[in-house]
Amino acid sequence: MKLPFYLEGYFMGLADPLAQSDIRLIVVQSDGGNRYTLKLAKPLRRLPWQQLAIGQPLRIEGQQSLQGVGSPPKLKAERVLFDPAGLPALTIAPKPSQHRPPVLEVCTKGTCRRRGALELCDRLKAETQTCAVEVRASGCLGRCKQGINVRRSSDNQILSQLSPQEATELLAPWRTATAAIAAVS
Ligand code: FES
């Protein structure tokens with residue numbers, strides 16, 4: 001599952017100090033002292049990272065891949081902004097579609113409705129006010145016997161046999177992401 005992130009911190013060098021070109025990994029430290037290794041999108045690998053001073057303030061935007069509860073997300077940098085007082089801004093614009101919030105489509109028809117899909121939808125909408133997820137009511141997802149069904153846009157999976165009480169659990173991956181990013185900002 002992929003979600004957008006942004007990180008403000010300080011450049012701490014290359015993850016592989018022997019790399020001469022095609023730099024793939026850099027290390028960034030947040031104000032709080034946490035260190036993160038970020039993979040660079042291809043266009044960013046050609047930048048002169050070796051010449052960048054240790055401690056240079058950076059703002060990085062990109063995509064994070066969630067690895068499951070308890071594991072830190074993998075961070076891929078797609079856009080880097082250097083501090084205005086330092087080097088000029090170097091930016092790689094991400095594709096607009098990559099930064100759409102993930103969508104949960106809740107089937108609210110037939111069997112799913114009888115099993116509480118409307119309540120699940122309402123609970124999700126109430127809880128998503130604190131995380132960047134869009135919740136939509138949808139038509140039949142074709143797995144009526146396994147309702148309640150929810151399609152997740154981030155990996156296009158249909159989650160089945162859900163109940164309204166599982167709304168909080170369903171949003172857990174996004175909360176993990178939000179907490180991880182909050183820790184670095
Ligand atoms: S009624 Fe929900 S999947 Fe068909």
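Residues numbered from 1 in each chain as written. Predicted model: local features only at pLDDT ≥ 70, side-chain atom pairs only at ≥ 80, totals over all residues. Heavy atoms only, no water.

The protein is annotated in an unreviewed UniProt entry as (2Fe-2S) ferredoxin domain-containing protein from Synechococcus elongatus PCC 11802.

K.L.:
Which residues make up the overall build of the protein, and what values do they have?
P.N.:
For the protein, the count of helices and strands is 5 helices and 9 strands. Its helices and strands taken in sequence order, the protein reads β-β-β-α-β-β-β-α-α-β-β-β-α-α from the N to the C terminus. Contacts in the protein between residues far apart in sequence, at least 24 positions, make up 58% of those at least 6 positions apart. Carbon and sulfur atoms make up 51% of the accessible area of the protein, which amounts to about 10300 Å² in all. (Helix = DSSP H or I, 4+ residues; strand = E, 2+ residues; numbered from the N terminus. Contact = heavy atoms within 4.5 Å. Areas by Shrake-Rupley, 256 points an atom, 1.4 Å probe, with all protein chains shown as cover.)

K.L.:
So what about the sheet that holds strand β7 (residues 134–138)? Which residues, and what values?
P.N.:
Judged by pairing direction, the sheet is mixed, and its 4 strands sit side by side in the order β7-β6-β8-β9 without closing on themselves. Only two strands of the sheet have a single partner each, and these edge strands are β7 and β9 (157–159). Pairs of neighbouring strands in the sheet enclose a mean axial angle of 25°, with direction left out of account. Lying over the sheet, helix α3 (residues 117–127) contacts β6 (103–107), β7 and β8 (150–152), oriented at roughly 160° with respect to β6. (Pairing = 2+ DSSP bridges. Axes fitted to C-alpha atoms, helices over the stretch in contact; angles between N-to-C directions.)

K.L.:
Talk me through the pattern of salt bridges; I want residue IDs and the actual numbers.
P.N.:
Throughout the structure, instances matching the rule amount to 6 salt bridges. The partner of R151 in a salt bridge is E105, with the nearest N and O atoms 3.1 Å apart. Highlighted residues: R151 in strand β8 and E105 in strand β6, separated in sequence by 46 residues. The exposure class of R151 is partly exposed, given its relative accessible area of 27%. Here R123 ties to E119 by a salt bridge, and the two come within 2.9 Å at their closest N and O atoms. A residue pair is termed a helical-turn pair when its members lie 3 or 4 positions apart in one helix, as R123 and E119 do in helix α3 at 4 residues. Judged by relative accessible area, R123 falls into the partly exposed class, the value being 34%. (Salt bridge = Lys/Arg side-chain N within 4 Å of Asp/Glu carboxyl O. Buried < 20%, exposed > 50% of the residue type's maximum accessible area, 1.4 Å probe, protein only.)

K.L.:
Explain the nonpolar core to me, using residue names and the numbers behind them.
P.N.:
Judged by nonpolar contacts, the single largest core of 22 residues is most densely connected at L104, V106, L120, L124, I148, V150 and L162. Those elements that place two or more of their residues in this core are β6, α3, β9 and α4 (167–170). A total of 4 residues in this core trace back to one element, the largest contributor, which is α3. Counting residues in hydrophobic clusters, the runner-up holds 20 residues, among them L58, I60, V80 and F82. (Core = buried A, V, L, I, M, F, W, Y, C linked by side-chain atoms within 4.5 Å.)

K.L.:
Describe the packing of aromatic side chains, naming the residues involved and giving the relevant values.
P.N.:
Note on aromatic pairs: each is described by the distance of the centres and the angle between the planes. For the structure on display, the rule yields 1 aromatic pair. Centre to centre, the rings of F11 and W49 are 5.8 Å apart; their planes meet at 35°, and the pair counts as tilted. Taken together, the positions of F11 in strand β1 (residues 2–14) and W49 in the loop between α1 (42–45) and β4 (57–65) put the pair 38 residues apart, joining distant regions of the chain. Residue classification places F11 among the buried positions, given a relative accessible area of 1%. (Phe/Tyr/Trp six-rings, centres within 6.5 Å; stacked < 30°, edge-to-face > 60°.)

K.L.:
Before we move on, can you summarise unusual backbone geometry with the specific residues and values?
P.N.:
That bond from G147 to I148 is cis: its omega, 5°, falls within 30 degrees of zero. Tracing the backbone shows I148 in the loop between β7 and β8. Residues other than glycine seldom take positive phi values, yet Q161 does so here, at roughly 55°. If you trace the backbone, Q161 turns up in the loop between β9 and α4. Since its relative accessible area comes to 60%, Q161 is described here as exposed.

K.L.:
Quick one: what's the story with the sheet that holds β1, residue by residue and with numbers?
P.N.:
The sheet built from 5 strands closes into a barrel, its strands ordered β1-β2-β3-β5-β4 with mixed pairing. Strand-to-strand twist across the sheet, computed as the mean angle between neighbouring axes with direction ignored, equals 55°. As judged from the 9 bridges shared by β1 and β4, these two strands associate in the antiparallel manner. When the sheet's bridge partners are listed, Y10 is paired in β4 with P57.

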